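Commentary on secondary and tertiary structure
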Amino acid sequence: MSKVNSIFERIESITNAESQCEFVSVLKSVIMNENQCLSQENFLLLKSFLQKMFDSIDELAAEIKKVDTILISVKNQKLLRTCFQLITSIGISSSLITGLGISLSKRSITASKLPRFLLAGEQKYEILMNCTDFFTRSYSVPVLKNIIITLHLSDYLASLIQLAFAPLKKPGTYDNFVMTEEKYNKLCADRQKYVKMYNHLTTNCFQPILMKELLVLQSCTDPAPPVFVKRVIVKEMSQRLLASGGLLSLIRCFIESYDIDTGFEWRKIDMICRIIAAKHGTCTESDYLINICSQLKQILCLNNIHYLATAVACVLSLNEKYPKSEPVESLVKEIFQAFDYDCLLTSYNLPGTIIYSPQEVEYKINILHACVCTTRLNWPISLLIPNLYLMFLIGVKCTKNEDLKIKIKDILLKSLEKIDREKLCEKVKFFLFGKGFYKSPGIIAEEYEAGVVIKYLALTEIHSKDEALLYFLHLFKATTDEELILNIFKVSLNVLTELSVKRQMKGNKDILLTEDDPEVILDDIDQQYAVVLKLLSEISTSSKIISSLKKNPLMVMDFVQHVILNENVESNSDCVTVALILLNITLSNCNKSTDFQRRFSNLVPILRKMCESDSNMDSILCQEAISLITSGNPKKRDSPCERAITDIFDELLPVKAHGIIELTKLIDNKDAETISKKHYIFCIFQEQLRDSDSYLYLAAINGLAALCTLCTEDVLHMLCKEFLQISNQGALETKDSQDKIAELRMKIGDIIVKVTKRLGEMAAVHKTILLNTMLCACRDEDPLIRTSALSNLAEISLVLHYKIGSIIYEVGIL
């Protein structure tokens, strides 16, 4: 170790400015004789200075090879880097051909302060050879190799390229230069030596770093590299790219300079795509594409988001440039037909066959996710459409793997955003109703502990419409694309219209029930009809749908007019109710004009006839619609009613509760606009009863109570139902939850009594439901509920002046 220390002391003395007598004198001469070639005397001094560093570092390398456990301190490593920097700046940079290599002055502040050394041709060759030989010797020592690779690999490559591939002049006499036969033969022999050094370096160097430095040398500007340099680098890059793992090395040389926290550098990915899209090497185009596609398959197996994104981007670029190539078509098919239902159905015919294991499902979804949600290329939606149905089935079944659920959701939403209305309608039908291959071979998704598998079955199971509807609603709520939200809404209306027509065409069939068949089994059309109604009831309350209807209320008029003008209202009452609600929303938000009268005047006779129907709900809606159509008053904008309704659909709970309370106050104050929308508001309050928050729940109950004089029958039925059935909403887990439900029920009971008192004499019309509700509650298991029900029964009897008829016997039994 003492010898190593003495070597470093010697190196330090050589590089010390005070002891650099030879180098300092050369610098003075260069400064004084600017733009003049270095004299032979100064050149010998410069060589002597460099040789001292070569000898000292060579001696150090010999000691390190003898004892490989020698540790180099940080101070000494810095000293070695200074030596290599001086060698590169003095010996290599000043000897390279113009345009070859990167000036060290651009990479080091110290080097930029050194004057430029002008050398004669033979001087350049001699000093470049000495420096290159020194780099080659040092490359075999790990400590020195690390300095070369991290700081001076481009300089080392540039010197080897010049010595091995620079064109030589043939023997002869030239201006100020004579090429003798002997000198030419020596240069050729030296060239062979440096070709071997170059090949050894390019073969054994870490490939991503090598490719990076080659690209850096090729991309130099001001001035550009010589033609022979470009030719050598292009040839070498082609060989490196086509070698095993070459494409991965190319990707790594570009993208490993950043990590996942900084995101994707799309310019680099785009550059990689352009590089591989151009044929390289002397092989045929077919062989080149086979090689590249094979490497891409290997990269797609790696679990790295950056590699996947880049590989998929490369596949899309190849598909765009070589759409007819068999290897490219095969790779595209492998990626983009992974979940093609029809394609998989024809490829498998053994019942119970596992088509994709959980690992394969996740692997293929990762690739598609990299394509759809990571790359910024214009990927063709036509490639993704066949995969959507099976991916939807996987999404329905996937409940345990959160990361996979998010990726499937992202793929489905991104794909649905790109497809047109016709394709969207087809996909929505498939998602909600299935492909209809019942009692025939099919493919299903099943979830196990290990994950979701894709399985082939001889007989397809019935499509679970309820599960499909829940998952589709999950997708709908997750999307933020306004156009997709509106398209789903319009598609749902169109599907409901189609199903209404089919229900009319099949006619009404009498269903005879026996004691053994207590339930009516709906056929497939009726089931689909019920699913779409549920879907519309959910998405219609979306704040984005409501705001869109306010901006463009006439977008639903085709559906409304079709249902009201062409449908049999008695056989499609649910569909008619939906149409009437949308009609009222449209009428309350559109401008009254000549076009308005033309569009809606033909509905008035039918609406008047529908007012006579037995359906109280439809009758109220029709009366409101007629009032809005015939009214000449301009629409009120930003009214208190509109603001309150907007607040109810806000995501923040306090804002939502404030909207319910404000709407209740408007009803109590007899606000004209609020009263005109009483049924719509009743539906809003009814929807809020589903909220688990007790504050919102009671606010909605109070709102319903305020509506009692406007929609008496509907309000009383709803309040009585909530009073009796709130305890059945879920399993009771704790004593606190039981007490909470009992408290809510007692408050609802008090509100029913208040409604009854408000009705006064009119309460006698509804005495049956009022008395039956309280009598049922008097037999409740909870003693508090029984006590409250008895008290409420007495209050209601008082309002009815004790005209309770034969029910008095029931009271006596209690």
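Residues numbered from 1 in each chain as written. Predicted model: local features only at pLDDT ≥ 70, side-chain atom pairs only at ≥ 80, totals over all residues. Heavy atoms only, no water.

The name an unreviewed UniProt entry assigns to the protein is Transmembrane and coiled-coil domain-containing protein 7, from the organism Arctia plantaginis. The UniProt entry for the protein carries the following text under Sequence similarities (unreviewed entry): "Belongs to the Tango6 family." (UniProt positions renumbered as here; feature names shortened; annotations may be inferred.)

1. Thoughts on helix α21 (residues 402-418)
For α21, which comprises 17 residues, the first-to-last C-alpha distance of 25 Å matches the rise-based estimate of 24 Å (1.5 Å per residue) to within 8%. The set of residues buried in α21 consists of Leu404, Lys407, Ile408, Lys409, Ile411, Leu412, Leu413, Ser415 and Leu416. A side-chain oxygen of the first residue of α21 lies 3.3 Å from the backbone nitrogen of Asp403; this N-cap is Asn401. (Helix = DSSP H or I, 4+ residues; strand = E, 2+ residues; numbered from the N terminus. Expected span 1.5 Å × (residues − 1). Buried < 20%, exposed > 50% of the residue type's maximum accessible area, 1.4 Å probe, protein only. Polar contact = N/O pair within 3.5 Å; in protein donor to acceptor, adjacent residues only side chain to side chain.)

2. Let's talk about the packing of aromatic side chains
Summed over all chains, the structure comprises 13 aromatic pairs. Ring plane angle 45 degrees and centroid distance 5.7 Å describe the contact between Phe135 and Tyr156, whose orientation is recorded as tilted. Of this pair, Phe135 sits in helix α6 (residues 121-138) while Tyr156 sits in helix α8 (residues 153-165); the two residues are 21 residues apart in sequence, bridging distant segments of the chain. The pair formed by Phe135 and Tyr156 is uniform in burial state, with each residue classed as buried. Between Phe392 and Tyr471 the ring centres are 5.2 Å apart and the planes differ by 65 degrees, which places this aromatic pair in the edge-to-face class. One end of the pair, Phe392, is in helix α20 (residues 388-397); the other, Tyr471, is in helix α23 (residues 465-478), with 79 residues separating them in the sequence. On the accessibility criterion, Tyr471 (11% relative accessible area) is buried. Each member of the aromatic cluster is reached from another via a ring pair, and the members are Phe54, Phe84, Phe134, Phe135, Tyr139 and Tyr156. (Phe/Tyr/Trp six-rings, centres within 6.5 Å; stacked < 30°, edge-to-face > 60°.)

3. Comments concerning the pairing of strand β4 (residues 442-448)
In this structure, β4 lies alongside strand β5 (residues 451-457), joined through seven bridges in antiparallel fashion. Bridge assignment links Ile444 to a residue of β5, and that residue is Lys455. Where β4 folds back onto β5 in an antiparallel hairpin, the turn is made up of two residues. (Pairing = 2+ DSSP bridges.)

4. With respect to the sheet that holds β4
If you walk across this open sheet you meet the three strands as β3-β5-β4, and the pairing is antiparallel. Every interior strand has two partners, whereas the edge strands, β3 (354-356) and β4, have only one. In this sheet, adjacent strand axes meet at a mean angle of 40 degrees when their direction is disregarded. Sitting on the sheet, α20 is in contact with β4 and β5, with an inclination near 25 degrees to β4. (Axes fitted to C-alpha atoms, helices over the stretch in contact; angles between N-to-C directions. Contact = heavy atoms within 4.5 Å.)

5. Considerations on the environment of Gly101
With respect to the helices and strands, the residue Gly101 is situated in the loop between α4 (74-92) and α5 (109-112). Gly101 sits in the buried class, given a relative accessible area of 18%. Measuring from C-alpha to C-alpha, the distance between Gly101 and Ser159 comes to 8.2 Å, with 58 residues separating the pair along the chain. Once residues within four sequence positions are removed from consideration, Gly101 is found in contact with Leu96, Ala158, Leu217 and Cys220.

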